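Residues per chain are reported as follows:
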Amino acid sequence: MPCWACDRADKNRASGYYQAGCAVCTARQLARMPRQHRMAAYVAERDKGGDVAALQQAVREQYEIDKRDGVAS
Ligand SMILES: [Zn+2]
């Protein structure tokens, strides 16, 4: 079940809402950040023992959706 911000993004991709703690929102937000912010997030994920590859994949998916829908990132 998507969070309310993901629900809004479904209807309007450019709405720009993100719900803290939602993995999809985090990936969507990271996909739109400057590269150095994204890299910092990957390092932080690794430092807390998270799955960096999964996070990168999720961000890539969100980036592709943005590109498909013509949302500037
Ligand atoms: Zn969400």
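Here the structure is a predicted model, which is why all the values come from computation and not from measurement.

About the cut-offs
- Residues numbered from 1 in each chain as written.
- Predicted model: local features only at pLDDT ≥ 70, side-chain atom pairs only at ≥ 80, totals over all residues.
- Heavy atoms only, no water.
- Core = buried A, V, L, I, M, F, W, Y, C linked by side-chain atoms within 4.5 Å.
- Buried < 20%, exposed > 50% of the residue type's maximum accessible area, 1.4 Å probe, protein only.
- Helix = DSSP H or I, 4+ residues; strand = E, 2+ residues; numbered from the N terminus.
- Contact = heavy atoms within 4.5 Å.
- Donors = N, O, S within 2.8 Å, 3.2 Å for Na, K, Ca; no water.
- Tetrahedral: all angles 85-135°; square planar, octahedral: opposite > 155°, others 65-115°.
- Salt bridge = Lys/Arg side-chain N within 4 Å of Asp/Glu carboxyl O.
- Arc of directions from axis to C-beta.

Peer 1: Whenever I open this one, the nonpolar core confuses me. Can you help?
Peer 2: A general feature of soluble globular proteins is that nonpolar side chains tend to end up buried together. In this structure, Ala 27, Leu 30, Ala 31, Tyr 42, Val 52, Leu 55 and Val 59 together form the largest nonpolar core, which totals seven residues. For this core, the secondary-structure elements that each account for two or more residues are helix H2 (23–31) and helix H4 (52–69). Apart from residues no more than four positions distant in its own chain, Leu 55 is found in contact with Leu 30, Ala 41, Tyr 42 and Glu 45. Counting residues in each nonpolar core, the second largest holds five residues, with Cys 3, Ala 5, Cys 22 and Cys 25 among its members.

Peer 1: Just to check I follow, could you spell out the coordination of the zinc ion for this structure?
Peer 2: With distances of 2.2 to 2.3 Å, the protein atoms coordinating the zinc ion are Cys 3 (SG), Cys 6 (SG), Cys 22 (SG) and Cys 25 (SG). If you look at the zinc ion, its four donor atoms make angles of 98 to 115 degrees with each other, and the shape they trace is tetrahedral. Written as a sequence motif, the donor residues of the zinc ion are C-x2-C-x15-C-x2-C. Taken together, the positions of Cys 3 in the segment before helix H1 (4–11) and Cys 22 in the loop between H1 and H2 put the pair 19 residues apart, joining distant regions of the chain.

Peer 1: Can you walk me through the pattern of salt bridges in this structure?
Peer 2: Two side chains that carry opposite charge are able to pair once their charged atoms sit near each other. Taken as a whole and judged by the stated rule, the model has seven salt bridges. With its nearest N and O atoms 3.5 Å apart, the salt bridge here joins Lys 48 to Glu 45. Among the charged side chains, a salt-bridge network with shared partners connects Arg 13, Arg 32 and Asp 66.

Peer 1: Before we go on, may I ask you to explain H1 in this structure?
Peer 2: Residues separated by three or four positions in an α-helix point in the same direction, a consequence of the helix having 3.6 residues per turn. Three or more residues of H1 are buried, namely Ala 5, Cys 6 and Ala 9. Seen from one end, H1 has its buried residues packed into an arc of 100 degrees, which puts them on one side. Opposite its buried face, H1 presents the exposed residues Asp 10 and Lys 11, each directed more than 90 degrees away. Those residues of H1 hidden inside the fold are in contact with H2.

In short, shape yes, function no, at least from these values alone.
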